[in-house]
Amino acid sequence: MNKKTIFGGLIVIIILFLLVMSFHGFTEKKKEEIKVDMTIFPSKFYIQEGDEKEIKLELKINSIPFSSKINWSVESTGNTGKLVFKNDSSTDENGIAYAIYFAPDDVNEMEHKVRIIATSKIDGKIYSAETTAIVYPLLHETKIKIESGRKKMIAGETIFLKAYLFSKNEKWEPMVDKSILWKFYINDTLFMKKKTKTDELGISNLPFFYSNAEKNISVKIVAGFERNLSGIDDFEECSSEMNITIIPEKPGDFPVVLIHGWSGGMTDVLLNYTWWNLTQKLVKNGYKVLDFDVTKKGIQWLVYEPDWFEHHIPWIAWKVCEKIKEALILNGYPPNQTIDIVAHSMGGLVARFIGEHYMEDVDYWNKNWNGTGYPWYGDGDADITIGAFQIDDLIAVGTPCHGVPPNINESFLRSIIKYAYFPWWVGPIPDMIYNSPFLEAMGYNGSDLIDYYGVGGDIGIIIGDYPVDFDGDGIPHYSDGLCPTESPYLNGKPLYILEGKAWPIGEEDHMSLIAINDKVHEYILKHLIN
């Protein structure tokens, strides 16, 4: 092969190489010139739940409308709603596709985000565009009004607050079974929260109780309905506020009701022994002891009628209620006057029942009670007409809130505790035995509207099988001779324990605690105010 032939071949190869490179460059240039514009209008929009919105997709290649199949998807962390197409999901000859977005009927947040994504495969490549729908709830307007019959109260009283809650659809209507959040402030500091529910009239009642005030206190009360997005209908929030002035309690503001135990009223001598000393100290310190017979000279104390002892404690509480209301009226008080109660022994259970079972019906007793509901029942008319809202302090001395053991030595009671014959078959007596149906149905918590104080005596005598620790502090105690020392304890309530001896050596036995024990009397005088 000569040089001329070789040179000619090289020229051909170079020309072919240049042609290939030129074609490759042209192809690359052609590919680079494909510009896809895919856009959804609007790129972001707000829409109310249940509404619809038209969205528009434009598809162009190199600024020229392009017809192509479009794949649509809707994504969200919750309900997505749905898309409906006017014709089909493809772009038309103008490169346009329309879709109607239907928002979910209900969303549970103020801004529920939904992504609407369109994709198309062009020349082997996927192109996409998206818009964001922010779905907001349809909120019905609400309003709340609060009121109280009084703008001033004595510390220890209970007043009723009332809230009226309404929502507006076409007209204002009561909101039923809705939660009201109450907040209480002193000097702009929150000190208490409560929740209540509205009734079928959109009304919610809340008893308000404040125990101690050393000076006048202004309390700001705010009742609010929180924004509610949890149901089919959604509601805007609202609130209302008012101010109450609380003035310090002083002795004599509330009459003191003295309620004796099972045997306290058996004789005038025993009744006098129970209450004489305490009554003199109360009167001397400015307290008013409720007089149950204003036609007689001096203060006449509450006395149980003889036939009451044929009944259980709830029934006795009913009769005590009636006597207290009658005495209040005869002493010039309204029947709903706030009272303090000092109770001894079974009297504390009577007082507790009154304070914890307002409007209870107690005519009869179910001997076959199985633990469901209550063992007491009635004729359909409410009997307990004094409730926790009417009682400020309840001081219970030697009260068997947890009961007494069933094997008490009667001769011991007669000789040491001054008890006469103790007939165990009598109506209220079985109610006071450990774990009796009455005590189990009552429970061991008390009422949050009553300042309860228990007092127990410990004379070192076991009346059951062993010392008992009812308050859970790890220290078991004995008894006051009849009632276990810690039996007056209620969960979370204070218990004052006095350790000593029985009379005449000491004053810590069951009867002496209330009758002659100066420490107990001082405790009562102190806690009737503080």
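See above for the structure.
Since the model is a prediction, treat every value here as computed from it, not as a measurement.

Asker: Describe the overall build of the protein chain, listing the residues and the values that go with them.
Answerer: A count of helical and extended segments in the protein chain gives 8 helices and 26 strands. Taken over the C-alpha trace, the protein chain has a radius of gyration of 41 Å; the compact-globule value for 530 residues is 24 Å, which it surpasses by more than 25%. Considering only C-alpha atoms, the protein chain reaches an extent of 150 × 65 × 50 Å along its principal axes. Within the protein chain, the proportion of its 530 residues that are buried is 48%.

Asker: Go over the pattern of salt bridges, please, and point to the residues and values.
Answerer: Considering all chains together, one arrives at 11 salt bridges under this definition. Among the ionic pairs, Glu305 bridges to Lys323, the shortest N-O distance being 2.9 Å. Note that Glu305 is positioned in the loop between α2 (268-284) and α3 (313-330) and Lys323 in helix α3, a separation of 18 residues in sequence. Residue classification places Glu305 among the partly exposed positions, given a relative accessible area of 34%. Note that Glu322 is salt-bridged to Lys319, the shortest N-O span being 3.9 Å. In this pair, Glu322 and Lys319 are both assigned in helix α3, 3 residues apart and thus about one turn of the helix distant. Among the charged side chains, a salt-bridge network with shared partners connects Glu75, Arg115 and Glu130.

Asker: Describe the nonpolar core, with residues and values.
Answerer: In terms of nonpolar packing, the biggest core is built from 52 residues, with Ile259, Tyr304, Val320, Ile324, Ile341, Val350 and Phe438 touching the most fellow members. Of all elements in the fold, only β20 (256-259), α3, β21 (339-344), α4 (346-356), β24 (391-397) and α6 (437-442) reach the threshold of two or more residues within this core. With 10 residues, α3 is the single largest residue contributor to this core. In this view, Phe438 contacts Ile313, Pro314, Leu349, Phe353, Trp365, Trp376 and Asp431; residues no more than four positions away in its chain are not counted. Ranked by size, the runner-up nonpolar core spans 27 residues in total, among them Ala163, Met175, Val219 and Cys238.

Asker: If you had to explain α3 to someone new, which residues and values would you point to?
Answerer: End to end, α3 covers 25 Å across 18 residues, agreeing with the expected 26 Å (1.5 Å per residue, within 8%). Once α3 finishes, Gly332 follows within two positions and takes phi at roughly 90°, a positive value.

Asker: Explain the pairing of strand β16 (residues 203-209) residue by residue, including any values.
Answerer: Burial within β16 is extensive, with 5 of its 7 residues counted as buried. Judged from the 7 bridges that link them, strand β12 (residues 158-168) and β16 form a sheet pairing that is antiparallel. Of the residues in β16, the one forming a bridge with Ala163 is Ser204.

Asker: Now, about the sheet that holds β21: what can you tell me, with residues and values included?
Answerer: Read from one edge of the open sheet, 5 strands run β20-β21-β24-β25-β26, paired in parallel fashion. The open sheet has two edge strands, β20 and β26 (495-499), and neither has a second partner. Between one strand axis and the next, the sheet turns by 15° as a mean value, whatever way the strands run. Across 5 bridges, the pairing between strand β25 (residues 451-458) and β26 is parallel. Directly across from Asp458, in β26, lies its bridge partner Glu499. Its contacts with the sheet put α2 on β20 and β21, and the angle it makes with β20 is roughly 175°.

What counts as what
Residues numbered from 1 in each chain as written. Predicted model: local features only at pLDDT ≥ 70, side-chain atom pairs only at ≥ 80, totals over all residues. Heavy atoms only, no water. Helix = DSSP H or I, 4+ residues; strand = E, 2+ residues; numbered from the N terminus. Rg over C-alpha atoms; globule rule 2.2 N^0.38 Å. Buried < 20%, exposed > 50% of the residue type's maximum accessible area, 1.4 Å probe, protein only. Salt bridge = Lys/Arg side-chain N within 4 Å of Asp/Glu carboxyl O. Core = buried A, V, L, I, M, F, W, Y, C linked by side-chain atoms within 4.5 Å. Contact = heavy atoms within 4.5 Å. Expected span 1.5 Å × (residues − 1). Pairing = 2+ DSSP bridges. Axes fitted to C-alpha atoms, helices over the stretch in contact; angles between N-to-C directions.

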